Amino acid sequence: MSDRSLRGMRLGAQSMESEAGVEPAPRQRVEYRTEDGEQVFVTFSSEAEIPATWVSKSGKEALLVNGQKPEEDNAKPVRTHWDMLLERRSEEELEEILEDRLQKIREARGEAV
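Reading the values: the criteria
- Residues numbered from 1 in each chain as written.
- Predicted model: local features only at pLDDT ≥ 70, side-chain atom pairs only at ≥ 80, totals over all residues.
- Heavy atoms only, no water.
- Helix = DSSP H or I, 4+ residues; strand = E, 2+ residues; numbered from the N terminus.
- Expected span 1.5 Å × (residues − 1).
- Pairing = 2+ DSSP bridges.
- Core = buried A, V, L, I, M, F, W, Y, C linked by side-chain atoms within 4.5 Å.
- Buried < 20%, exposed > 50% of the residue type's maximum accessible area, 1.4 Å probe, protein only.
- Contact = heavy atoms within 4.5 Å.

*Asks:* When you look at helix 2 (residues 91-109) in this model, what are you seeing that I'm missing?
*Replies:* An α-helix turns once per 3.6 residues; consequently, residues spaced three or four apart project the same way. With 19 residues, helix 2 should reach 27 Å at 1.5 Å per residue; the first-to-last C-alpha distance of 27 Å fits that figure. In the stretch just after helix 2, Gly 110 is the one whose phi turns positive, near 85°.

Right, here's the structure in full:
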């Protein structure tokens, strides 16, 4: 047996490429502000189209500083499944149907009513 051990690199742990000659893409830092004054800074590519609004980490909508306010969208709000269901049935009817279905499930399971 040899007294020397072979030395190698761990696979995938280290790159053989160097950072020499690598230039990052040009970037720009954009500032947004919420209505209550919270500042949000976002970094974009210099070629990117900057959105007029951004949602901050706190969930509030922030507007672009020195930018134009976005136009109000007068489109109809999205109808949910619940909205469409309420167009066809009243809540009393839905509760009655639910009780009927639950009764049938209980009978199929053999539960005492």
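*Asks:* Just checking my understanding: could you explain the pairing of strand 2 (residues 39-45) for this structure?
*Replies:* Remember that side chains alternate between the two faces of the sheet whenever the strand is regular. Here strand 1 (residues 27-33) runs beside strand 2; their pairing, made up of seven bridges, is antiparallel. Its bridge partner being in strand 2, Glu 31 is matched across the sheet by Phe 41. Between strand 1 and strand 2, which follow one another and run antiparallel, lie five residues, and Gly 37 among them has a positive phi close to 95°.

*Asks:* What should I look at first to understand the nonpolar core in this one?
*Replies:* What tends to happen in soluble globular proteins is that the nonpolar side chains get buried as a cluster. With six residues, the main nonpolar core is built from Val 30, Tyr 32, Val 40, Val 42, Phe 44 and Ala 62. Among the secondary structure elements, those contributing two or more residues to this core are strand 1 and strand 2. By residue number, the principal contributor to this core is strand 2, which donates three residues. Not counting the four nearest positions on each side in its chain, Ala 62 is found in contact with Tyr 32, Arg 33, Thr 34, Val 40, Ala 52, Thr 53 and Trp 54.

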